[in-house]
Amino acid sequence: MSVADYTATLTAAGLPAEMAAAVADADAGLARGELFTASNDLEKLIGRPATTAHEAIHNAAAASNEESR
């Protein structure tokens with residue numbers, strides 16, 4: 001989906017035009033790999049290995065399941 005089409009879709013769903021444009025542009029940047037890095041700067045900053053989004057969601061779900069027992 002093009003940025004223009006995505007912006008139009010988000011606007012039609014109720015997002016303000018400026019917000020829709022920002023979200024669509026950010027998504028396009030992610031698709032281009034603009035936030036990719038092979039550095040370990042985050043690990044140095046937080047003092048531990050970084051957690052992937054997949055791992056974070058898995059860990060949160062597991063913790064939620066433990067709390068509900």
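Residues numbered from 1 in each chain as written. Predicted model: local features only at pLDDT ≥ 70, side-chain atom pairs only at ≥ 80, totals over all residues. Heavy atoms only, no water.

Once that is clear, we can look at helix 2 (residues 17-31). Over its 15 residues, helix 2 extends 21 Å from the first C-alpha to the last, a length consistent with the 21 Å expected when each residue adds 1.5 Å. Within helix 2, the full set of buried residues consists of Ala 20, Ala 24, Ala 28 and Gly 29. Against helix 1 (3-12) lie the buried residues of helix 2. One or two steps after helix 2, the chain reaches Gly 33, where phi turns positive at roughly 80°. (Helix = DSSP H or I, 4+ residues; strand = E, 2+ residues; numbered from the N terminus. Expected span 1.5 Å × (residues − 1). Buried < 20%, exposed > 50% of the residue type's maximum accessible area, 1.4 Å probe, protein only. Contact = heavy atoms within 4.5 Å.)

Its place among the elements puts Ala 20 in helix 2. Residues Ala 20 and Leu 10, spaced ten residues apart in sequence, show a C-alpha to C-alpha distance of 5.4 Å. Ala 20 has contacts with Thr 7, Leu 10, Thr 11 and Leu 15, leaving out every residue within four places of it along the chain.

Looking now at the packing of helix 1 against helix 2. Packed helices, taken two at a time, are described by their axes: the angle between them and the distance between them. Packing of helix 1 against helix 2 brings their axes to within 8 Å, and their N-to-C directions diverge by 140°. What the angle tells us is that helix 1 and helix 2 run oblique. The hand of the helix 1/helix 2 crossing is right-handed. Contacts from Val 3, Tyr 6, Thr 7, Leu 10 and Thr 11 in helix 1 reach Ala 17, Ala 20, Ala 21, Val 23, Ala 24, Asp 25, Asp 27 and Ala 28 in helix 2. Of the residues assigned to the contact of helix 1 with helix 2, the class counts are nine nonpolar, two polar and two charged. (Axes fitted to C-alpha atoms, helices over the stretch in contact; angles between N-to-C directions. Parallel < 35°, antiparallel > 145°, perpendicular 65-115°, else oblique. Left-handed = near helix turned anticlockwise from the far one by under 90°. Nonpolar A, V, L, I, M, F, W, Y, C, P; charged D, E, K, R; others polar.)

Should pLDDT be low for a region, the predicted coordinates there are not to be read in detail. Per-residue pLDDT for the protein has a mean of 94; in total, 100% of the residues score no lower than 70. The element-level mean pLDDT for the protein is lowest in helix 4 (residues 53-67), coming to 92, with helix 1 highest at 98. (pLDDT = per-residue confidence, 0-100.)

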